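Geometric and topological summary
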Amino acid sequence: MIALYIAIAVVVLLALVGTVVLTSRRRKASGGPASAASTRTRPPPKPTKTAPAAPKPTPSAPAPAPAPAEATPPSILAPEPATASAPTYKSRLGGVRGLFSGAVSSLRTGRIDASTWDSLEEALIRADVGVATTNALLADLRGRVQSKEIASGDDLLVALGTEIRTLLDTVDSRALRFDGLAGAPDVWLVVGVNGVGKTTTIGKLARSQSALGRSVLLAAGDTFRAAAADQLGMWAERSNVEIVRGAEGGDPAAIVFDAVQRAAARGNDLVLADTAGRLHNKANLVEELKKIRRVADRDPGNVTEVLLVLDATTGQNALAQAREFTSAVTVTGIVLTKLDGTAKGGIVIAVQRELGLPVKLVGLGEGVEDLVAFDPDEFVDALLGLD
């Protein structure tokens, strides 16, 4: 009996084992939990290794050309590319023309009323013409409108342009003076505060005067500003002219004197002398500038121009500088730089009326060709948008 029970138990156990095995196989075939568990425990496949690509052959570079013994940056000595055309006032006076755009538009409507005068006054003052000069210009025009001599806005605009031209034409000459006496080189002193563009102006003058066939010698009289002589030396090389320079911190008057003597001995026609940036409210520096002026005019020197360089973007401050420099060295003419871009430009009118100093040259850009003779007619036409 016991054997029978044992046999039955074995049969039941075998049946249970068969059922479990069959169930497991069915789950694997249907992707059930058993299959997922199997996937999680299966190690990931190893990445297939690919053979690295053969490196591309590198072409052999040509041997570099030997550098010159004294290489100079091309930006220093390379000749400036010739401009397609000379700069025009209309193309460069965008900033100042914008100040007058509202007033001009108002005048173009034909009306002349209180708002017309307010608009004109604001435009002139914002353009750095100055309060005194603005009042003088508009006072005459108001009288002509009241007397019916001027009847429309267009007529008033033309009359304003005529008034400015008349004011600017009060000087005898805007030409740069050059005597060209044998054995007595002309000397042009260039003065002004630091940062207005004195050295750059000298460099551009050297180029233009050399192009006229004159033999030019540069004098590096600014011995106090760091690298001023080096900057002038770059312009000397670019313009293919000679330069006289001294030690940093040396006596500027002595350098200018040596340059004049050398120019006379070598037959140079013109000496362009740089000077240190005079702080016009420093008495000792102004006295030094007077000394340079006296020394440069000693035989055989012949000082024919003292050019004051003013930055057009400084506005009425430039007028204060002009007063001080004129009292110190008798300025003969103004070079107005940076008239393009954001410059207001009306300082031309203020300097002319209040000091009687002619603006001889204006800078209409940074290029070598952009330092041009001042033309009052073109200036006024560009200023007021006249044709």
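What you are looking at is a predicted structure, and each value in this text was computed from that prediction instead of being measured.

For the rest of this paragraph, the subject is unusual backbone geometry. With an omega of 10 degrees, the peptide bond between aspartate 299 and proline 300 qualifies as cis. Mapped onto the elements, proline 300 comes out in the loop between α12 (283-296) and β5 (302-311). The backbone of aspartate 128 sits at a positive phi, close to 70 degrees, despite the residue not being glycine. Given the relative accessible area of 12%, aspartate 128 is considered buried. We note that threonine 330 has phi near 55 degrees; this positive angle belongs to a residue other than glycine. Its location among the elements puts threonine 330 in the loop between α13 (316-329) and β6 (333-337).

On to the pairing of β5, then. Summarising burial for β5: ten of the ten residues are buried, a large majority. For β5 and β6, the ladder comprises five bridges, and the chain directions are parallel. Paired with leucine 307 across the strands is glycine 333, a residue of β6.

For the rest of this paragraph, the subject is helix α11 (residues 252-266). Taking 1.5 Å of rise per residue, the 15 residues of α11 would be expected to cover 21 Å, and the 21 Å separating its terminal C-alpha atoms lies within 8% of that figure. Along α11, the residues classified as buried are Pro252, Ala253, Ile255, Val256, Ala259, Val260 and Ala263. Down the axis of α11, the smallest arc covering the buried residues is 165 degrees, so these residues share one side. Considering only its buried residues, α11 is in contact with β1 (186-191), β2 (216-221), β3 (242-244), β4 (270-275) and α12. For α11, the side-chain oxygen to backbone nitrogen distance between the N-cap and alanine 253 is 3.2 Å, and the N-cap itself is aspartate 251. Positive phi shows up at glycine 267, right after α11, with a value of about 80 degrees.

The rules behind each value
Residues numbered from 1 in each chain as written. Predicted model: local features only at pLDDT ≥ 70, side-chain atom pairs only at ≥ 80, totals over all residues. Heavy atoms only, no water. Helix = DSSP H or I, 4+ residues; strand = E, 2+ residues; numbered from the N terminus. Buried < 20%, exposed > 50% of the residue type's maximum accessible area, 1.4 Å probe, protein only. Pairing = 2+ DSSP bridges. Expected span 1.5 Å × (residues − 1). Arc of directions from axis to C-beta. Contact = heavy atoms within 4.5 Å. Polar contact = N/O pair within 3.5 Å; in protein donor to acceptor, adjacent residues only side chain to side chain.

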